[in-house]
Amino acid sequence: MSDEEQKNAEHKAAMQALKAERDAMMAEKVDAPGLLLVHTGDGKGKSTAAFGMVARALGWNQKVGIVQYIKGKWITGERQFFKRFPESVRYEVMGQGFTWDTQDRARDIEAAEAAWKTSVEMLHDPDLDLVLLDELNIALRYDYLDIDKVVADLKARPRDKHVVITGRNAKPQLIEIADLVTEMTLVKHPFEQGIKAQRGIDF
């Protein structure tokens, strides 16, 4: 047997062992009800990943609800794209813009409360399979919403409802009840090099 044939045989044996291990592990897993996923951290990609999940859900003919908490009337690529699917996506932009632009805490609180009311409607809408609450963590970070009420409402959602929440500085109470928490780590960002947000990349 040549060295290459030996390597191939060893590789096949290793993969067969790995498959047996994976099969045994998967046999212990169960189908889950609706998952609560949190994308947080200082790095870019929290909303980007969440909107990728929206596209994935649509690929399976699922219906999705989206509430954007902060971006306000700012035109984004995701908003323009997913608005093309009105029968499958309910898309609500309910923020007033970035907090440093609005400079009006009372108005921001009012907008966040209205957005949460819409979010709860979506959580209990039997037609929606996935609900994306984009930048909810920012509203919670500034205490525009009562975290205890948010947690209670999330826990009270139908068992089959998947929910994705984005935004940096996720509250510990939210992390505690989440099924998945991903923290985006900032390593390098073009903004630090003096480059503005780019259409199609950042918005």
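Before going into details, it helps to say that this report is about the structure given with it.

Quick notes on the rules
- Within each chain, residues carry numbers counting from 1 in the order of the written sequence.
- Totals for whole chains, interfaces and linings use every residue, but because this is a predicted model, local features are given only for residues with pLDDT of at least 70 and side-chain atom pairs only at 80 or more, for both listing and counting.
- Hydrogens and waters are ignored; side-chain quantities use all the structure's heavy atoms.
- Numbering goes from the N terminus for both helices and strands, where a helix is a DSSP run of H or I of at least four residues and a strand is a run of E of at least two.
- Burial here depends on accessible area, computed with a 1.4 Å probe over protein chains only, as a share of the maximum for the residue type. Under 20% is buried, over 50% is exposed, and the range in between is partly exposed.
- Residue contacts follow a heavy-atom distance rule, with two residues in contact if any of their heavy atoms lie within 4.5 Å.
- Here, a salt bridge means any side-chain nitrogen of Lys or Arg that lies within 4 Å of a carboxyl oxygen of Asp or Glu.

### Description of the side chain of Q68
Okay, step 1: Assignment of secondary structure puts Q68 in strand β2 (residues 64-68).
Okay, step 2: A relative accessible area of 1% means that Q68 is categorised as buried.
Okay, step 3: Apart from the residues lying within four places of it in its own chain, the contact partners of Q68 are F51, E78, Y91, E92, V93, M94, G95 and D134.

### Notes on the pattern of salt bridges
Okay, step 1: With the rule as written, the count across this model stands at six salt bridges.
Okay, step 2: Among the ionic pairs, D42 bridges to R168, the shortest N-O distance being 3.6 Å. In this pair, D42 sits in the loop between β1 (36-40) and α2 (46-59) while R168 sits in the loop between β5 (162-166) and α8 (172-177), placing the two residues 126 residues apart along the sequence.
Okay, step 3: When salt bridges with common partners are traced through the structure, they connect R90, E92 and E121 into a single cluster.

### With respect to unusual backbone geometry
Okay, step 1: Notably, E135 is not glycine yet its phi reads approximately 65°, a positive angle.
Okay, step 2: Tracing the backbone shows E135 in the loop between β4 (130-134) and α6 (136-141).
Okay, step 3: For D143, which is not glycine, the phi dihedral falls at a positive 60°.
Okay, step 4: Inspection of the secondary structure assignment puts D143 in the loop between α6 and α7 (147-155).
Okay, step 5: Residue D143 is classed as partly exposed on the basis of its relative accessible area of 49%.

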